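So you can see what is in the structure, the chains are spelled out below.
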Amino acid sequence: MRRVAPTSGWWLRRLGQRFDDLGTIVAFSLFPVALQTSMSVNHVVLQIQQWRGVMVGSGGYLWGGSRRLAHYLETHGDGSPSADDTGSVPSRRLQTLTLLELGSGTGAVGLAAAVLGADVTITDQASFSYPGRQATPGMDERPIRTLLELARSNVDINHGVLAGSNLMVQKLLWGDLADEAALPHGQYDIICGGDILLFTRAHAALLCSLRN
């Protein structure tokens with residue numbers, strides 16, 4: 001995993017993004033969301049299906065952070081856009097690189113990376129329960145459908161533009177050694193995730209997976 005140096009004025013952009021995401025969260029909570037949206041990457045339009053929160057939780061929506069991450073990968077590869085050489089990392093295009101997307105939800109970032117030529121593994125958990133949460137006795141944590149089904153559905157919807165891409169969807173609960181061992185690659189050139197830090201009690205398990 002490569003470190004990316006922050007660019008000048010990044011905190012102002014981040015503040016604006018946080019307000020934008022806050023508005024989106026409120027809208028997502030109060031109003032029905034569109035069942036389908038789209039995202040353009042490398043002149044390819046990806047059709048992204050969304051599932052309502054009552055089905056799969058907040059992961060069923062294509063959040064702004066995922067759109068921005070996909071745009072970053074397209075524009076800068078895996079390196080830093082900083083003009084200052086201090087601490088910057090030379091960019092590599094995604095062709096021939098392996099990429100692991102954590103907490104993929106709709107799978108949009110992984111789909112974008114596949115369009116850009118990466119060998120992609122899209123991952124998410126198979127329930128509403130997140131690492132670090134105490135299970136409630138007698139409560140069924142399984143959602144009506146799973147985010148893995150949503151990601152696979154989006155792969156199928158975009159099969160035409162993904163022809164020839166190396167892409168797979170796999171279950172990964174952060175911190176689960178068995179899930180990690182089942183991943184197709186023991187190491188990845190790029191590990192990424194968009195809007196995956198909402199549940200703070202899951203951070204320790206996330207760090208565990210990143211270390212492994």
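The coordinates are above.
Residues numbered from 1 in each chain as written. Predicted model: local features only at pLDDT ≥ 70, side-chain atom pairs only at ≥ 80, totals over all residues. Heavy atoms only, no water.

1. Structural notes on the pairing of strand 3 (residues 98-101)
How we decide: Think of it in three bands: with a 1.4 Å probe and only protein chains considered, a residue is buried below 20% of the maximum accessible area for its type, exposed above 50%, and partly exposed in between. Strands are runs of DSSP state E lasting at least two residues, helices are runs of H or I lasting at least four, and both sets are numbered from the N terminus onward. Strand pairing is assigned whenever DSSP identifies at least 2 bridges connecting the two strands. Orient the strands so they point away from the viewer, and a crossover whose first-strand-to-second-strand path over the helix runs clockwise is right-handed.
Burial along strand 3 is two-sided: Thr98 and Leu100 facing one way and Leu99 and Glu101 facing the other are all buried. Note that strand 3 and strand 4 (residues 119-124) share four bridges and pair parallel. Pairing of Leu99 across the sheet is with Val120, part of strand 4. Crossover handedness for the path strand 3 to helix 4 (residues 108-115) to strand 4: right-handed.

2. Considering the pairing of strand 1 (residues 36-41)
Strand direction decides the pairing type here: strand 1 and strand 2 (residues 44-49), joined by six bridges, are antiparallel. Bridge pairing links Ser38 to Gln47 in strand 2. Here strand 1 hands over to strand 2 after two residues, with Asn42 in that stretch at a positive phi of 55°.

3. So, the pattern of salt bridges
Working definition: two side chains of opposite charge can pair if their charged atoms are close together. What counts is decided by this rule: Here a salt bridge means any side-chain nitrogen of Lys or Arg lying within 4 Å of a carboxyl oxygen belonging to Asp or Glu.
In the structure shown here, the tally under the stated rule is two salt bridges. Across the pair Lys171 and Asp179 runs a salt bridge, and its minimum N-O distance is 2.9 Å. Classification of Asp179 as buried rests on a relative accessible area of 9%.

4. A word on helix 4
Most of helix 4 sits inside the fold, with eight of its eight residues counted as buried. Among the residues of helix 4, Ala108, Val109, Gly110, Leu111, Ala112, Ala113, Ala114 and Val115 are the ones counted as buried.

5. Structural notes on helix 3 (residues 64-76)
Operational definition: Expected helix span is computed as 1.5 Å times (number of residues minus one).
Look at helix 3: 18 Å from first C-alpha to last across 13 residues, which is about the 18 Å you get at 1.5 Å a residue. Of the positions making up helix 3, those classed as buried are Gly64, Gly65, Ser66, Leu69, Ala70 and Leu73. Count one or two residues on from helix 3 and you reach Gly77, which has phi positive near 65°.

6. Digging into the sheet that holds strand 6 (residues 190-192)
Hydrogen bonds between backbone atoms are what pair the strands of a sheet, whose relative direction is either parallel or antiparallel. The line we're drawing: Here, axes are lines fitted to C-alpha atoms. For helices the fit covers the stretch in contact, and angles between N-to-C directions go from 0 to 180 degrees. Whether two residues are in contact is decided by their heavy atoms: any pair within 4.5 Å suffices.
Taking strand neighbours across the sheet as the criterion, the four strands line up as 5-4-3-6 in an open arrangement whose pairing is parallel. Two strands close off the open sheet at either side, each with one partner strand: strand 5 (166-171) and strand 6. Taking each pair of neighbouring strands and ignoring which way they run, the sheet shows an average axis angle of 15°. Of the pairings in the sheet, the one linking strand 3 to strand 6 comprises three bridges and is parallel in character. When the bridges of strand 6 are listed, Leu100 appears paired with Ile191. In the packing of helix 5 (residues 147-157) onto the sheet, the strands contacted are strand 4 and strand 5, and the crossing angle to strand 5 comes to about 165°.

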